[in-house]
Amino acid sequence: MTTPARPGSFTGATDNAANGGLFTDTLIDGIPDIVGADVAAAEAAAAAAKISETNAATSATGAATSATNAGASATAASSSQTAAASSATAAASSASSVAADAATATTKAAEASTSATNAAASQSAAAASQTSAASSATSATGSANSATTSATAAGNSATAAANSATAGASSATAAANSATAAATSETNAANSANSATASKNTATTQATNAATSATNAATSATTATTQASSATTSAATATTQATKAEDYAVKVNGVVPSTSDYSSKAWAVGGTGVDHASGGGNAKDWATETTTTADNTEYSAKEYAIGVQAGNTNGSAKQWALGGGNFVMSTAVTGSGGTAQYSAKYWADQAASSVANFDEKYYGSYASDAAAENAHEAAGKTVAVGDLYYNTGDQAVKYCTVAPSGTGAPVGTWVAIEATDTSGFATNGFSIAMSIAL
């Protein structure tokens, strides 16, 4: 289709049927300025509506991105919660291990106590045996002394017998009896000495056993002490792990101690160090925050979708759809003046107004002036000077020069648009010559 006539240009050279025009000859040349201007305005409105649609799509993409960020935060919160559960399980296992170690320590302590008691009993028995051995040795010493005394007496008796041979057979018999008694005493002394040695050996063995039992008791006591210390350490570790697990789950006033991590609750609903932090923000804010940004930079999914924050200079999806500010159609979503960008609803309204304005001026195709007027008035519109319609009988565009003063039979004046006859005009050469001459 050819370019509409511009204001003041009535060439008639390109709007005929031969050049692809809507009508068959040059009768439409010189259509008033309003036709071209209205068409251009309608095209501009349609282009603006397209830009608005693109902006709305961009805003929707931003909202989707915010939703993705919210999902990522929720995933991070879920991972933290899983870590917390694992820590709790580890803490429970440590507690079970501590209980087992404590039971073992208790058993070992009981065994050590029993060994100590047995060692004490063995030591007492050894002391008694040693005392008995000492008594036996004392008895043996006494018997030996008695034997020595008897032997001395026997020697004296023998000497007396030898010196007093005359003492008679009774003295010799007495001497023999004394010798026999001395031999018996000596044998008894030897036996007592052997018994004393055996008792001494037994006492030594018992003392060694008692020392060994005491050493074992000391070792068992040391082992029990070590295991009790290990149990205490394990209990402390279990307590630490349980506290850490709890912090990973619900701590909202800072990082988990000895780490740079925040709890699953902080990532989910907010906490110190997470709320509105650069590169952070909790999942709840990413989803629903409408008073400020979620992470000091970006707005939440809800803000991009339906928000009205002035700082969101890109506008929300709802603003791009309905209108800027508090969704006022005539308020720009972004920019001002010549750079103002409006909502899809605004540009649609502008396009509809342009079409309505064009419909006010151009009626369409009708067979007569009366038909054109009646149809326009039936639509509740008023026929005015400058209005246009295409007369299918005359095959010409006609325009109103005098508006009708009533309805029914046409009383307005309609004139066909015709090409200007330039055959009587001066030629270019003649015009130039006359200009020079004058």
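About the cut-offs
- Residues numbered from 1 in each chain as written.
- Predicted model: local features only at pLDDT ≥ 70, side-chain atom pairs only at ≥ 80, totals over all residues.
- Heavy atoms only, no water.
- Salt bridge = Lys/Arg side-chain N within 4 Å of Asp/Glu carboxyl O.
- Helix = DSSP H or I, 4+ residues; strand = E, 2+ residues; numbered from the N terminus.
- Buried < 20%, exposed > 50% of the residue type's maximum accessible area, 1.4 Å probe, protein only.
- Pairing = 2+ DSSP bridges.
- pLDDT = per-residue confidence, 0-100.
- Contact = heavy atoms within 4.5 Å.
- Arc of directions from axis to C-beta.
- Phe/Tyr/Trp six-rings, centres within 6.5 Å; stacked < 30°, edge-to-face > 60°.
- Lys NZ or Arg CZ within 6 Å of the ring centre and 35° of its normal.
- Axes fitted to C-alpha atoms, helices over the stretch in contact; angles between N-to-C directions.

Draft legend 1. Looking closely at the pattern of salt bridges. Throughout the structure, instances matching the rule amount to four salt bridges. Residue D387 pairs with K361 through a salt bridge whose shortest N-O separation is 3.8 Å. With D387 in the loop between α8 (369–378) and β2 (388–391) and K361 in helix α7 (residues 344–361), this residue pair connects regions lying 26 residues apart in the sequence. We classify D387 as buried; its relative accessible area is 1%. For the salt bridge of K398 with D369, the shortest nitrogen-to-oxygen distance reads 3.1 Å. Of this pair, K398 sits in strand β3 (residues 396–402) while D369 is found in helix α8, placing the two residues 29 residues apart along the sequence. A relative accessible area of 9% means that K398 is categorised as buried. Three or more residues are tied together by salt bridges with common partners; here these are D369, D394 and K398.

Draft legend 2. Broad picture of the pairing of β3. Where β2 and β3 come together, four bridges link them in antiparallel fashion. Note on β3: the bridge partner recorded for N391 is A396. Here β3 runs beside strand β4 (residues 413–416); their pairing, made up of four bridges, is antiparallel. Across the sheet, the residue bridging to V402 is T413, located in β4.

Draft legend 3. Just the confidence of the model for the protein chain, in detail. Residues with a pLDDT of 70 or more make up 72% of the protein chain, whose mean pLDDT is 78. Across the protein chain, β2 holds the top mean pLDDT of 96, while helix α1 (residues 33–163) sits lowest at 68. Here residues 1–13 is modelled with pLDDT under 50, and outside its nearest four sequence neighbours on either side it reaches 15 contacts, counting other chains as well. In the model, residues 22–30 has pLDDT below 50 throughout and makes 32 contacts with residues more than four positions away in sequence or in other chains.

Draft legend 4. Highlighting α8. Taken as a whole, α8 has its buried residues at D369, A372, E373, H376 and E377. One side of α8 holds all its buried residues, which, seen down the axis, span an arc of 120 degrees. Looking at the buried side of α8, the elements it contacts are α7, β1 (362–366), β2, β3 and β4. Of the residues trailing α8, G380 is marked for its positive phi of about 85 degrees.

Draft legend 5. Focus on the packing of aromatic side chains. For the structure shown, the criterion picks out nine aromatic pairs. Consider the rings of Y346 and W347, whose centres lie 5.1 Å apart with planes at 80 degrees: the pair is edge-to-face. Given the relative accessible area of 16%, Y346 is considered buried. Here the aromatic residues Y363, Y366, Y389 and W414 are joined through ring pairs into a cluster of three or more. Sitting above the plane of the F327 ring, K318 keeps its charged end 4.2 Å from the centroid.

Draft legend 6. A look at the sheet that holds β3. A sheet is described by the order of its strands in space; here four strands give the open sequence β1-β2-β3-β4, paired in mixed fashion. Pairing within the sheet leaves two strands with one partner each, and these edge strands are β1 and β4. Adjacent strand axes in the sheet meet at a mean angle of 30 degrees, parallel and antiparallel pairs treated alike. Across the sheet, α7 touches β1 and β2, and the angle it forms with β1 is around 55 degrees. Set on the sheet, α8 makes contact with β1, β2, β3 and β4; between it and β1 the angle comes to about 135 degrees.

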